[in-house]
Amino acid sequence: FFLLALQNTILLSSATALISPLLFSIVAYVLVRTKWHMRGVLDSLFWMSASIPGILAGLGLLWLFLGTPLLRPIFGTIWALILVTLLQGKLTSTQLFKGIFLQMGEELEEASRLSGAGWWRTYFRIWLPLIMPMLVLVGTFNFVLAAQATSGIILLASRGTVTLSILALE
């Protein structure tokens, strides 16, 4: 059980550490750099959802997974746990990236666009190299959060997806 829990914890934490910096940097970019009219609602949702206790959020996600036919097949798998741990670090990660995007001027992005680059090329060739230290920091932060996650994932884990934190609780 220990080796399986160790393997699951490393897989869960590594996937979260790799996916979360890219995902939340894009969300922060949308919140700071775009003129999308729903960005205030998105930012408020991130803030409000962070105030929900972990076990209550886990119960809500359990109902979501069991009540949605599209999500029901991944219930009890490592993919469900990765999705939940991604959601746990969303507020802090997004706020860190928002701070970076607010500090940087728009001149590099404008120059890239005038040179003919699209949004994706600008993001991957201009922004990502500039925010690389923050990407590493957020990845490390979310790795640690995912490794010690218990309350959010305990209701979604099965016998085959037990992590070290759940094993310690048992």
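Just so it is clear, the model here is predicted, and its values are computed rather than measured. (Residues numbered from 1 in each chain as written. Predicted model: local features only at pLDDT ≥ 70, side-chain atom pairs only at ≥ 80, totals over all residues. Heavy atoms only, no water.)

Engineer: Where do I start with helix α3 (residues 54–67) in this structure?
Structural biologist: A turn of α-helix holds 3.6 residues, and therefore any two residues three or four places apart point the same way. Between its first and last C-alpha atoms α3 spans 20 Å; for 14 residues at 1.5 Å apiece the expected length is 20 Å, and the two agree. Among all positions of α3, only Gly 58, Leu 61, Leu 62 and Phe 65 are buried. Looking straight down α3, one finds that the buried residues subtend no more than 110 degrees of arc, so they occupy a single side. Set apart from the buried face of α3 by more than 90 degrees, the exposed residues are Leu 56, Trp 63 and Gly 67. Turning to α3, the residues buried within the fold contact α4 (78–88). (Helix = DSSP H or I, 4+ residues; strand = E, 2+ residues; numbered from the N terminus. Expected span 1.5 Å × (residues − 1). Buried < 20%, exposed > 50% of the residue type's maximum accessible area, 1.4 Å probe, protein only. Arc of directions from axis to C-beta. Contact = heavy atoms within 4.5 Å.)

Engineer: Can you help me understand the packing of aromatic side chains in this one?
Structural biologist: Remark: the centre distance and the inter-plane angle together describe each pair of aromatic rings, the angle taken between the planes. Applying the stated criterion across every chain yields a total of ten aromatic pairs. Ring centres 6.5 Å apart and planes at 85 degrees place the aromatic pair Phe 24 and Phe 46 in the edge-to-face group. Residue Phe 24 is located in helix α1 (residues 2–33), and its partner Phe 46 is located in helix α2 (residues 39–49); the two are separated by 22 residues in the primary sequence. When the centroid spacing of 4.7 Å and the interplanar angle of 85 degrees are considered together, the rings of Trp 119 and Trp 120 count as edge-to-face. On the basis of relative accessibility, which here comes to 25%, the residue Trp 119 falls in the partly exposed class. Chaining the aromatic ring pairs together yields one cluster made of Tyr 29, Phe 101, Trp 119, Trp 120, Tyr 123, Phe 124 and Trp 127. Geometry around Phe 1 places Arg 159 over its ring, the cationic atom sitting 4.5 Å from the centre. (Phe/Tyr/Trp six-rings, centres within 6.5 Å; stacked < 30°, edge-to-face > 60°. Lys NZ or Arg CZ within 6 Å of the ring centre and 35° of its normal.)

Engineer: I'm lost on a nonpolar patch on the surface in this one. Help?
Structural biologist: Together, Trp 36, Met 38, Val 41, Leu 45 and Met 48 line one region of the surface with nonpolar side chains, adding up to about 470 Å² of accessible area. Here Leu 45 shows up in helix α2. Judged by its relative accessible area of 47%, Leu 45 is partly exposed. (Patch = residues over 30% accessible without salt bridge, like charges linked within 9 Å, V, L, I, M, F, W, Y side chains within 5 Å. Areas by Shrake-Rupley, 256 points an atom, 1.4 Å probe, with all protein chains shown as cover. Salt bridge = Lys/Arg side-chain N within 4 Å of Asp/Glu carboxyl O.)

Engineer: Hey, could you run me through the layout of surface pockets in this one?
Structural biologist: Its boundaries defined by the atoms lining it, the largest pocket holds a volume of some 390 Å³. Surrounding the largest pocket, 19 residues form its lining, Ser 49, Ala 57, Leu 87, Gln 88 and Lys 90 being those nearest its centre. Secondary-structure elements contributing two or more residues to the lining of the largest pocket are α3, α4, α5 (90–103) and α8 (132–147). Looking at the lining of the largest pocket, the element that brings in the most residues is α3, giving four residues. For the lining of the largest pocket, the class distribution of residues is ten nonpolar, eight polar and one charged. (1 Å grid on protein atoms, 1.4 Å probe; cavity = no way out; pocket = protein on both sides within 12 Å on 5 of 7 lines; lining within 4 Å. Points joined across faces, edges and corners; volume = space filled by probe spheres on them. Nonpolar A, V, L, I, M, F, W, Y, C, P; charged D, E, K, R; others polar.)

Engineer: Can you walk me through α8 in this structure?
Structural biologist: Across its 16 residues, α8 extends 22 Å between first and last C-alpha, which sits within 8% of the 22 Å expected from 1.5 Å per residue. Restricting attention to buried positions, one finds in α8 the residues Met 134, Leu 135, Val 138, Gly 139, Asn 142 and Ala 146. The buried residues of α8 occupy an angular sector of 135 degrees when projected down its axis, which confines them to one face. The exposed residues of α8 that point more than 90 degrees off its buried face are Pro 133 and Val 136. Looking at the buried positions of α8, the neighbouring elements they touch are α1, α4, α5 and α7 (119–130).

Engineer: Teacher, can you tell me more about the pattern of salt bridges here?
Structural biologist: Where side chains of opposite charge bring their charged atoms close, a pairing between them can arise. For the structure shown, the criterion picks out four salt bridges. For the salt bridge of Glu 106 with Arg 33, the shortest nitrogen-to-oxygen distance reads 3.4 Å. Of this pair, Glu 106 sits in the loop between α5 and α6 (107–114) while Arg 33 sits in helix α1, placing them 73 residues apart in sequence. What makes Glu 106 partly exposed here is its relative accessible area of 42%.

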